[in-house]
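Here's the letter readout for the chains.
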Amino acid sequence: MMIIKQIPNTLTSLNLLSGMLGIYFVLEGNIHYGAYFIFLASLFDFLDGFLARVLKVHSEIGKELDSLADLVTFGVLPSFILLKMITQHSDLGYLPFFVFIVGIFSAIRLAKFNVDTRQTDQFIGLPTPANALLISTLPFLKERFPSLDQVFNEPYFIMGMALILSFLLISELPLIALKFKNFGIRENVFRYLTLLMGLVCILTFGLGGIPFVIISYIVLSVMEGLITKNAKVD
């Protein structure tokens, strides 16, 4: 029984290990490896929560460990990816360290999530895994669309994007949580649209389509929020 209780925490630790390995490879200049380790960590992150519920071994230690692992993998690692994207093509001294704001605001986002009781059926603010997936696949997007080279090689564009994403992490923006209480179309139309858009983007653009997936996810969430708000007013 003690071994079963440790399965979710072991998976969470593998999430953390993936983040540390990703940081190492990004610092070595292998930015794409950062994305691969974020994909792997996302799988571990899903499985640890899933198995904790299935095995009924949820614990407060596991919850805190999960947040610490997510901070490294989905906060610190994306910050280093952005830093490497800037320093590969320009020399601005210490200015590129501004992108570490992503890691700081990821920590704030995770701390808020742990104490916010509203985030059961939806997220408030951009989830750190979604933010990390968007950032880590920007190099794939640049390869898919070579015409974007000049844009993504512009350090101030990357720093501006880091600022916007940091704001989204801690914003009061309600976002869709892909948790199905039932599979009815009416109740889950925006969840199904999110999954459909994600599938289309990835099949069309490969890993370079993931930033479009996250952007469409945000747009659809805003649309759902506006429709829900108007329905309550009526």
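For the structure itself, consult the block above.
Residues numbered from 1 in each chain as written. Predicted model: local features only at pLDDT ≥ 70, side-chain atom pairs only at ≥ 80, totals over all residues. Heavy atoms only, no water.

Trainee: Mind showing me how you'd approach the overall build of the chain here?
Mentor: When you go through the chain residue by residue, the secondary structure sums to 10 helices and 2 strands. Helices and strands appear in the chain in the N-to-C order α-α-α-α-β-α-α-α-α-β-α-α. Rg of the C-alpha trace for the chain: 18 Å, near the compact-globule value of 17 Å for 234 residues, within the 12% margin. Here the chain holds 234 residues, and 43% of them are scored as buried. Counting contacts in the chain only where the partners sit at least 6 residues apart, residues at least 24 apart contribute 75% of the total. Within the structure as shown, the chain displays about 12,600 Å² of accessible surface, and the carbon and sulfur contribution to it stands at 71%. Across the chain, 16 positive and 17 negative side-chain charges occur, with their mean positions spaced 8 Å apart. (Helix = DSSP H or I, 4+ residues; strand = E, 2+ residues; numbered from the N terminus. Rg over C-alpha atoms; globule rule 2.2 N^0.38 Å. Buried < 20%, exposed > 50% of the residue type's maximum accessible area, 1.4 Å probe, protein only. Contact = heavy atoms within 4.5 Å. Areas by Shrake-Rupley, 256 points an atom, 1.4 Å probe, with all protein chains shown as cover. Lys, Arg positive; Asp, Glu negative; His and termini not counted. Charge placed at Lys NZ, Arg CZ, Asp CG, Glu CD.)

Trainee: How should I be thinking about helix H5 (residues 128-136) in this particular structure?
Mentor: Structurally, the α-helix is built with 3.6 residues per turn, so residues lying three or four positions apart point the same way. Burial of H5 is extensive: 8 of the 9 residues sit out of reach of the surface. What H5 keeps buried is the set Thr128, Ala130, Asn131, Ala132, Leu133, Leu134, Ile135 and Ser136.

Trainee: Is there a simple way to explain the pattern of salt bridges in this structure?
Mentor: Side-chain pairing between opposite charges can occur once the charged atoms of the two side chains come close. According to the stated counting rule, one finds 1 salt bridge in the structure shown. Ionic pairing is found between lysine 112 and glutamate 172, a salt bridge with its closest N-O pair at 3.5 Å. One end of the pair, lysine 112, is in helix H4 (residues 101-115); the other, glutamate 172, is in the loop between helix H8 (155-170) and strand S2 (174-176), with 60 residues separating them in the sequence. The exposure class of lysine 112 is partly exposed, given its relative accessible area of 29%. (Salt bridge = Lys/Arg side-chain N within 4 Å of Asp/Glu carboxyl O.)

Trainee: Looking at this structure, I do not really get the environment of glutamate 28. What am I missing?
Mentor: Structurally, the position occupied by glutamate 28 is in the loop between helix H1 (2-27) and helix H2 (31-55). The exposure class assigned to glutamate 28 is exposed, which follows from its relative accessible area of 54%. Taking the C-alpha atoms as reference, glutamate 28 lies 9.5 Å from lysine 84; in sequence the two are 56 residues apart.

Trainee: Whenever I open this one, the environment of glycine 198 confuses me. Can you help?
Mentor: In this structure, glycine 198 sits in helix H9 (residues 185-205). On a C-alpha basis, the gap between glycine 198 and leucine 27 in space is 30 Å, while along the polypeptide they are 171 residues apart.

Trainee: How should I be thinking about H2 in this particular structure?
Mentor: The terminal C-alpha atoms of H2, which comprises 25 residues, lie 36 Å apart, in line with the 36 Å expected from a rise of 1.5 Å per residue. Here H2 has its buried residues at Ile31, Gly34, Ala35, Phe37, Ile38, Ala41, Ser42, Phe44, Asp45, Asp48 and Ala52. Buried residues in H2 make contact with H1, helix H3 (60-87), H5 and helix H6 (138-144). Of the residues trailing H2, lysine 56 is marked for its positive phi of about 55°. (Expected span 1.5 Å × (residues − 1).)

Trainee: So what exactly am I meant to see when it comes to the nonpolar core here?
Mentor: A general tendency of soluble globular proteins is for nonpolar side chains to be buried together. Counting residues in hydrophobic clusters, the biggest one holds 42 residues, and the most contacted among them are Ile81, Leu82, Met85, Val99, Leu126 and Leu138. Beyond its immediate stretch of four places on either side in the chain, methionine 85 contacts Ile31, Leu138, Pro139, Phe152 and Ile158. (Core = buried A, V, L, I, M, F, W, Y, C linked by side-chain atoms within 4.5 Å.)

Trainee: Hey, could you run me through the packing of aromatic side chains in this one?
Mentor: For any pair of aromatic rings, geometry is given as the distance between the ring centres together with the angle between the planes. For the structure on display, the rule yields 14 aromatic pairs. Centroid distance phenylalanine 25 to phenylalanine 37: 5.7 Å. Interplanar angle 10°. Geometry classified as stacked. Here phenylalanine 37 lies in helix H2 and phenylalanine 25 lies in helix H1, a separation of 12 residues in the sequence. Classification of phenylalanine 37 as buried rests on a relative accessible area of 17%. Ring geometry for phenylalanine 113 against phenylalanine 123: centres 6.5 Å apart, planes inclined by 40°, an arrangement best described as tilted. Of the two residues, phenylalanine 113 is situated in helix H4 and phenylalanine 123 in strand S1 (residues 122-124); the sequence distance between them amounts to 10 residues. Put simply, the rings of Tyr24, Phe25, Tyr33, Tyr36, Phe37 and Phe140 touch in pairs and so form one group of aromatic residues. (Phe/Tyr/Trp six-rings, centres within 6.5 Å; stacked < 30°, edge-to-face > 60°.)

Trainee: Can you walk me through a nonpolar patch on the surface in this structure?
Mentor: Taken together, the side chains of Ile4, Ile7, Phe46, Phe50, Val54 and Leu55 define a hydrophobic patch exposed on the protein surface, amounting to about 490 Å² of accessible area. Taken together, the elements giving at least two residues each to the nonpolar patch come down to H1 and H2. Per-element accounting of the nonpolar patch gives the leading share, 4 residues, to H2. Relative to the helices and strands, phenylalanine 46 is located in helix H2. (Patch = residues over 30% accessible without salt bridge, like charges linked within 9 Å, V, L, I, M, F, W, Y side chains within 5 Å.)

Purely spatial values, then, with no claim about function.
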